[in-house]
Amino acid sequence: MSHNHDSHHHHHHHGPKNYNFSFGLGILLNIIFVLVEVYYGVLADSIALIADAWHNLSDVISLLLAWGASYLATKAATTTRTYGLKRVTILASLLSSILLLFALGGIAWEAIERFSNPKEVEGTLVMLVAGIGVIINTATALLFVKGQKDDLNLRAAYLHMAADAGVSLGVLIAGGAIYLTGYLWLDPLISLFIVFIVLVSTWKLLKDSINLSIDAVPEHIDIQEIKKYLLDCEKVLEIHDLHIWALSTNQTALSVHLILSHEKSDNVLLLQVQKHLKEHFSVEHTTIQIESSENNFCSLNNPCCI
């Protein structure tokens, strides 16, 4: 005799904060800064400034990538994409982390070359432009400082701008230190120090992005605590086929089979579990299947499933 399965789906539509203004303002400020760097780079005959302008242009591309992903994540689901395009935010954070690694590699390569072939810092004009870069990149990074704590896509945008602010600040510090001491090797040394600091955060961003792209449990989720909570629920005898994965960089989904001590579906229990998972574990999308303890022959109840 077959047993009854009762599936209950609950969708939450409380979307993340809209960052359109932050992306728009950040992109506008950085495009203006790129134009300023190119103009003064040509004026001062500074290869370094022109090269940095190209680097900042790559950051504009990264901001556009993150903004586009955030927009696509709001698109409605379709019959062929039943979760919509939310996972595009994960792909965007992955691509941004790879771009940032390449950018850091370029900075490190130039810094290492400068140890053997030291160059004078290009006067007050270059330092002035670097100062403008610190202000613009810091201001842009601050636009995402709150959202980056809970969203990998925003963290990628934040890290790009924070890295640029750090590099510009390094130019200023190196310029002042070289002016006072005459030691040209301080310029590449400070650059490598900044690269190392940013690399630590970027490596974590890359690792987290890869994990989410292959449906790993999001880092902020304690799966053992969730299992303990479910098993402690009244009437729940066993659980199996528990899966937790990221729908996007700021939304988490969960599916699980609950074996109850009676056959009848308990909607009160379902709503209670869903509310608790959302409020205490930040799991916004849950799918729960109820099964009877009698004659339970669920094909997914096996040692291969959690």
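Criteria and cut-off values
- Residue indices follow the written sequence of each chain, beginning from 1 at its first position.
- Only residues with pLDDT of 70 or above have their local features reported here, since the model is predicted, and side-chain atom pairs are shown and tallied only from 80 upward, although totals for entire chains, interfaces and linings are computed over all residues.
- Computation of side-chain values: all heavy atoms of the structure, hydrogens and water removed.
- Starting at the N terminus, helices and strands are each numbered in turn, a helix being any DSSP run of H or I of at least four residues and a strand any DSSP run of E of at least two.
- Type-normalised accessible area, obtained with a 1.4 Å probe on protein chains alone, sets the label of each residue: buried when under 20%, exposed when over 50%, and partly exposed for intermediate values.
- Only heavy atoms matter for contacts: two residues are in contact if any of them lie within 4.5 Å across the pair.
- A 1.4 Å probe and the Shrake-Rupley method give the accessible areas. Residues count as covered only by the protein chains that appear here.
- Take a side-chain nitrogen of Lys or Arg and a carboxyl oxygen of Asp or Glu: if they are within 4 Å of each other, that pair is a salt bridge.
- Here the axes come from fitting lines to C-alpha atoms, over the contacting stretch only for helices, and the angles between their N-to-C directions go from 0 to 180 degrees.
- For classification, angles of less than 35 degrees are called roughly parallel, those exceeding 145 degrees roughly antiparallel, those between 65 and 115 degrees roughly perpendicular, and all remaining angles oblique.
- Under the convention adopted here, Pro, Cys and the residues Ala, Val, Leu, Ile, Met, Phe, Trp and Tyr are nonpolar, Asp, Glu, Lys and Arg are charged, and Gly plus all remaining residues are polar.
- For our purposes a nonpolar core is just a set of buried Ala, Val, Leu, Ile, Met, Phe, Trp, Tyr and Cys residues, chained together by side-chain atoms within 4.5 Å.
- In this scheme the handedness of a crossing depends on how the near helix is turned from the far one: anticlockwise by less than a right angle means left-handed, clockwise means right-handed.

Colleague: Is there a simple way to explain the overall build of the chain in this structure?
Modeller: Helices and strands together make up the secondary structure of the chain, namely 8 helices and 4 strands. Taking all 306 residues of the chain together, the buried fraction comes to 43%. Taking contacts inside the chain between residues at least 6 apart in sequence as the whole, the part at least 24 apart equals 75%. For the chain, the accessible surface area stands at approximately 16600 Å², while carbon and sulfur atoms represent 65% of it.

Colleague: Please clarify how the pattern of salt bridges should be interpreted in this entry.
Modeller: If charged atoms from side chains of opposite charge come close, those side chains can pair. Applying the stated criterion across every chain yields a total of 5 salt bridges. The salt bridge involving Lys204 is made with Asp208; its shortest N-O contact spans 2.9 Å. Taken as a pair, Lys204 and Asp208 lie in helix α6 (residues 186–213) at a separation of 4 residues, close to a single helical turn. By relative accessible area, which is 31% here, Lys204 ends up partly exposed. Lys204 is the partner of Glu219 in a salt bridge, and the nearest nitrogen-oxygen pair spans 2.8 Å. Here Glu219, found in the loop between α6 and α7 (223–232), pairs with Lys204, found in helix α6; they are 15 residues apart in sequence, far enough to count as distant. According to the relative accessible area criterion, Glu219 is exposed, its value standing at 56%.

Colleague: Help me understand the packing of helix α5 (residues 152–181) against α6, please; the structure alone is not making it clear to me.
Modeller: For any two helices packed against each other, the geometry comes down to the angle between their axes and how far apart the axes lie. Where α5 contacts α6, the axes come no closer than 8 Å and their chain directions differ by 170 degrees. Of the possible angle classes, the one that applies to α5 and α6 is roughly antiparallel. Here the residues of the contact of α5 with α6 are counted per class, giving 15 nonpolar, 6 polar and 4 charged.

Colleague: Where do I start with the nonpolar core in this structure?
Modeller: Here is a general trend for soluble globular proteins: nonpolar side chains tend to be buried in one another's company. Counting 22 residues, the largest nonpolar core has Ile226, Leu230, Leu254, Val256, Leu258, Val273 and Leu277 as the members making the most contacts within it. Those elements that place two or more of their residues in this core are α7, β2 (236–246), β3 (252–260), α8 (267–281) and β4 (285–292). Among the elements that make up this core, the one with the highest residue count is α8 (5 residues). Excluding its chain neighbours within four sequence positions, the residues that come into contact with Leu258 are Leu230, Val236, Glu238, Ile239, Ile288, Gln289, Ile290 and Glu291. Counting 18 residues, the second largest nonpolar core, distinct from the first, contains Leu104, Leu152, Ala163 and Leu205.

Colleague: Sorry, what's going on with the environment of Phe281 here?
Modeller: Position of Phe281 among the secondary structure elements: in helix α8. For Phe281, a relative accessible area of 14% gives the class buried. Once the C-alpha coordinates of Phe281 and Glu225 are considered, the two residues, 56 residues apart in sequence, prove to be 9.1 Å apart. The contacts of Phe281, once residues within four sequence positions are left out, are His220, Ile221, Asp222, Glu225, Ile226, Tyr229 and His276.

Colleague: What's the story with the packing of helix α3 (residues 88–116) against α6 in this structure? I'm lost.
Modeller: Closest axis-to-axis distance for the α3/α6 pair is 9 Å, and the angle between their directions is 160 degrees. Taken together, the axis directions place α3 and α6 in an arrangement best described as roughly antiparallel. Taken as a pair, α3 and α6 cross one another with a handedness that is left-handed. Across the contact of α3 with α6, the residue classes break down as 21 nonpolar, 6 polar and 2 charged.

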